[in-house]
Amino acid sequence: MADALSEASDLSGGEESQDEDVLTPPELIARLEEAWLNEKFSPELLENKSELVECVMEQLTHMEENLQRVKKGDLKASIHRMEIDRIRFVLSSFLRSRLQKIEKFFPHVLEKEKSRADGDPSFLSPEEFAFAKEYLANTEVYLKAVALRHMPPNLQSVDMLKAVPEPCLDSFVFLRVKERQENILVEPETDDQRDYVVDLEEGSQHLMRYRTIAPLVSSGAVQLI
Amino acid sequence: MDTQSYMPVPPGVGMEENFLSLDDILLSHERLPCKTDTSFPKLGFLEKTSESHDIPENTKMEMPLWMAKGLYERKRHVISVDLPKVYREGWRTVFGADANMVDLHKMGPYYYGLGSQILHFENAENPEIAQSILQTFIGRFRRTMDSSQNAYNEDMSALLERLDCLERALFRSGQNGLNAFQLWERGRASQLTASSLVTNYRKRKITELHS
Amino acid sequence: MDPSEVEFLAEKEMVKIIPNFSLDKIYLIGGDLGPFNPGLTVEVPVWLALNLKQRQKCRIVPPEWMDADKLEEIREQERREDTFTPIPSLHYMELTKLLLNHAADNIPRADEIRTLVKDIWDTRIAKLRLSADSFINQQEAHARLDNLTLMEINTTRTFLLDSLNCMYKLRSNLQPGSGSGKAHDY
């Protein structure tokens, strides 16, 4: 049994060769946790992490298959199961917080997807895209059924892009710096203040506007907390 | 958990309104003192104080915000909107002296929301109004925060009654944070309670239509 | 974020245990653990330590900082200084709760520790409130918050961020025309 389980450590995606950085399973889990917190705390929907999610799923499936061969009550197996449960929790919480944002911002999410240049990566996974479209359709049907069809003909439509608030990129966020950044421009809050630059030292924590550091979140240089 | 099945659309705050926000819908029904700058034929039935068929020019009347916004135009004079007294200079001086003294619920209850909306109507005092609202918020922040953090388990109704709707929402989110922490601390984080339903309940003052 | 999720993150912290069983190295997805030998100290994540402890399979060695004398020093320093002092663990609150609730018999002077940590927490939260107020008052655009822990941030997060958002919007009233373009006609 020990062999069956120890295999798990070296299946770090040898076939994922086209991906520049091949991650070890522990790195994979660390990435997932970072993505989870970033998604939880960023005001807008971040780029989808389908590949990461798939890799983690593969790890989990593989481990679960191995565990099926182990008899119940085995201490080692129970430890593996606990770990699987923890990873699953993070994974579902991550995906759920993405769905919540899609529900909250669906017209804008779809608009962004529509205006995306051909080569650019999509912010939505194929499943999320389908979900967003369905959510929009259902909302429209619902509004029509309960209210709009009773309105005068010229008031029977609602522009969802205007009706649903956009994500507020000027929200403040808490963050921890992972890679040192120099000369981050902090815009003034009031007319009598001047803009100034700050250096973000590795390991330091800050409270500032999301807009200022949004690119650093997607590059992984800072972690939202 | 902070996962909710129903996520209400928050109020827009400031000059923008959120179409699907219940708070903003209520706000849009707040009444403003207006004066007609032209006559409104055949609409006399809306103005119950007079028996005439039309609403003549120069009639003073109260109008909900949504209607005033719809009728108002900068170039053509259809209606002019008067400042509610809480935004006038006299009250601005009071707020400037000590914003904490004021019962913003009685004076509002949408003091910040309505004050921001009023800026849609041209008025020489608009910059001062905008500044006064902002400073009032800042001046009262400490008290809103402290009461939402310290006063857990104490009777906060007296203070809560004096908060504007926006401040109440903030007060509530402050209490929720503290509440969640204290439940966690006592090891009851996973238990569901109905308390938010009770605290969400809010009395609304209905402004009198006629005097 | 729910405090239980912050606790979940704290459970990843490593802690020393002394097992009373033997087991080969375990190859978890998140990294290797063990081997486990009776009486020999080994490091495991807190979630596993607590589980083994509940099954009476180990004794937990409290982290070095979880010591009444050390915490008393920290408390005094925290009270003396106006800024947030560096805390020995970014999860001090969660770890204290977890270890004291599930392994108090392995921790000397557990009750004192509980009180000390609570005092430290209260002092720090009071400072946090003070800095939040000055951040709002000065209408600052950036604050450095080293040493603040996730649990501390989390208790005031929604309130502070919502307040800052409201303030931002009330301030944008000062520049008429900035946001009024799309306010009408849905």
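Residues numbered from 1 in each chain as written. Chains lettered and ligands numbered in written order. Predicted model: local features only at pLDDT ≥ 70, side-chain atom pairs only at ≥ 80, totals over all residues.

Caption draft 1: Layout of the overall build of chain C. Secondary structure summary: chain C contains 6 helices and 6 strands in total. Seen in sequence order, chain C has helices and strands lined up from the N terminus as α-β-β-β-β-α-β-α-α-α-β-α. The C-alpha radius of gyration of chain C comes to 22 Å, more than 25% above the 16 Å expected for a compact globule of 186 residues. If one aligns the C-alpha atoms of chain C with their principal axes, the spans along those axes are about 75 × 45 × 20 Å. Burial status across chain C gives 39% buried among its 186 residues. A fraction of 71% describes how many contacts in chain C between residues 6 or more apart in sequence connect residues 24 or more apart. (Helix = DSSP H or I, 4+ residues; strand = E, 2+ residues; numbered from the N terminus. Rg over C-alpha atoms; globule rule 2.2 N^0.38 Å. Buried ≥ 20, exposed ≤ 12 C-beta atoms within 10 Å, placed from the backbone. Contact = placed C-beta atoms within 7 Å.)

Caption draft 2: How the structure looks around the overall build of chain B. Counting its secondary structure elements, chain B contains 9 helices and 3 strands. Its helices and strands taken in sequence order, chain B reads α-β-β-α-β-α-α-α-α-α-α-α from the N to the C terminus. Every one of the 211 residues in chain B was classed for burial, and the buried ones make up 31%. For chain B, restricting intrachain contacts to residue pairs at least 6 apart in sequence, the fraction spanning at least 24 positions comes to 60%.

Caption draft 3: Broad picture of the interface of chain C and chain B. Every contact between the two is made by 32 residues of chain C and, on the other side, 39 residues of chain B. Within the residue set of the side of chain C that touches chain B, elements represented by two or more residues are α1 (3-10), α4 (92-103), α5 (110-137) and α6 (150-172) of chain C. Looking at which element gives the most residues to the side of chain C that touches chain B, the answer is α6(C), with 13 residues. The residue inventory of the side of chain C that touches chain B, partitioned by class, reads 12 nonpolar, 11 polar and 9 charged. (Nonpolar A, V, L, I, M, F, W, Y, C, P; charged D, E, K, R; others polar.)

Caption draft 4: The arrangement of helix α7 (residues 210-219) of chain A in detail. All names here are of chain A. Looking only at α7, the buried set comprises Y210, T212, I213 and V217. Seen end-on, α7 carries its buried residues on one side only, within an arc spanning 130 degrees. Facing away from the buried side of α7, by more than 90 degrees, are the exposed residues P215 and S219. Buried-residue contacts for α7 involve α2 (25-41), β1 (172-177), β2 (181-186), β4 (205-209) and β5 (222-224). (Arc of directions from axis to C-beta.)

Caption draft 5: Layout of the UniProt feature "domain: GINS subunit" (unreviewed entry) in chain C. According to UniProt, the feature "domain: GINS subunit" (unreviewed entry) maps to residues 65-167 of chain C in the numbering used here. Across residues 65-167 of chain C, the secondary structure splits into 69% helix and 3% strand, with the terminal C-alpha atoms separated by 40 Å. (UniProt positions renumbered as here; feature names shortened; annotations may be inferred.)

Caption draft 6: Region of interest: the interface of chain A and chain B. The interface of chain A with chain B comprises 6 residues on the first partner and 6 residues on the second. Among the residues making up the side of chain A that touches chain B, the classes are represented as 3 nonpolar, no polar and 3 charged.

Caption draft 7: Seen up close, the sheet that holds strand β4 (residues 42-45) of chain C. All names here are of chain C. Spatially, 3 strands are ordered β4-β1-β5 in an open sheet, and the strand pairing comes out antiparallel. A strand with exactly one partner marks an edge of an open sheet, and here the two such strands are β4 and β5 (58-61). Along the sheet, successive strands turn relative to each other by an average axial angle of 45 degrees, direction set aside. (Pairing = 2+ DSSP bridges. Axes fitted to C-alpha atoms, helices over the stretch in contact; angles between N-to-C directions.)

Caption draft 8: Geometry of the UniProt feature "domain: DNA replication complex GINS protein PSF3 N-terminal" (unreviewed entry) in chain B. Taking the numbering used here, the UniProt-annotated feature "domain: DNA replication complex GINS protein PSF3 N-terminal" (unreviewed entry) corresponds to residues 21-72 of chain B. Between the end C-alpha atoms of residues 21-72 of chain B the distance is 23 Å, and the span holds 25% helix and 21% strand.

Caption draft 9: Summary view of the environment of N66(A). Inspection of the secondary structure puts N66(A) in helix α3 (residues 50-68). Each C-alpha atom, one on N66(A) and one on A77(A), is 9.4 Å from the other, the two residues being 11 residues apart in sequence.

Caption draft 10: Structural view of the UniProt feature "domain: DNA replication complex GINS protein PSF2 N-terminal" (unreviewed entry) in chain C. Under the local residue numbering, the UniProt record ascribes the feature "domain: DNA replication complex GINS protein PSF2 N-terminal" (unreviewed entry) to residues 2-61 of chain C. Summarising residues 2-61 of chain C: 28% helix, 33% strand, and an end-to-end C-alpha distance of 28 Å.

Caption draft 11: Quick peek at the sheet that holds β4(A). Taken in spatial order, the 4 strands of this open sheet run β5(A)-β1(A)-β4(A)-β6(C), and their pairing is antiparallel. Only two strands of the sheet have a single neighbouring strand rather than two, namely β5 of chain A together with β6 (142-144) of chain C. The mean inter-strand angle of the sheet, taken between neighbouring strand axes irrespective of direction, is 30 degrees. The pairing of β1(A) with β4(A) spans 5 bridges and is classified as antiparallel. Residue pairing across strands places L175(A) opposite H206(A), the latter belonging to β4(A). Across the sheet, α2(A) lies against β1 and β5 of chain A, angled at about 60 degrees from β5(A), the strand it touches most.

Caption draft 12: Representation of the packing of α1(C) against α6(C) within the structure. Residue and element names in this part refer to chain C. At their nearest, the axes of α1 and α6 sit 10 Å apart, and the two run at 165 degrees to each other. Between α1 and α6, the angle falls in the class roughly antiparallel. With respect to the hand of their crossing, α1 and α6 are arranged in right-handed fashion. Residue-level inspection shows P3, V6 and L9 of α1 in contact with α6, the latter providing L150, M151 and N154. Here the residues of the contact of α1 with α6 sort into 5 nonpolar, 1 polar and no charged. (Parallel < 35°, antiparallel > 145°, perpendicular 65-115°, else oblique. Left-handed = near helix turned anticlockwise from the far one by under 90°.)

Caption draft 13: Up close: α6(C). Residues and elements named next belong to chain C. Here α6 spans 30 Å end to end across 23 residues, near enough to the 33 Å set by a 1.5 Å rise per residue. The sharpest bend along α6 reaches about 55 degrees and sits at R157. Taking burial as the measure, the 23 residues of α6 include 17 buried ones, the bulk of the element. (Expected span 1.5 Å × (residues − 1). Bend = angle between axes of the 7 residues up to and from the residue.)

Caption draft 14: Fine view of the packing of helix α6 (residues 126-150) of chain B against α6(C). For the pair α6(B) and α6(C), interaxial distance at closest approach is 10 Å and the crossing angle is 170 degrees. One element, α6(B), and the other, α6(C), form an angle in the roughly antiparallel class. Across the interface between the two elements, I133(B), L134(B), F137(B), I138(B), F141(B), M145(B) and S148(B) from α6(B) touch F159(C), S163(C), C166(C), M167(C), L170(C) and R171(C) from α6(C). When grouped by side-chain class, the residues that make up the contact of α6(B) with α6(C) number 10 nonpolar, 2 polar and 1 charged.

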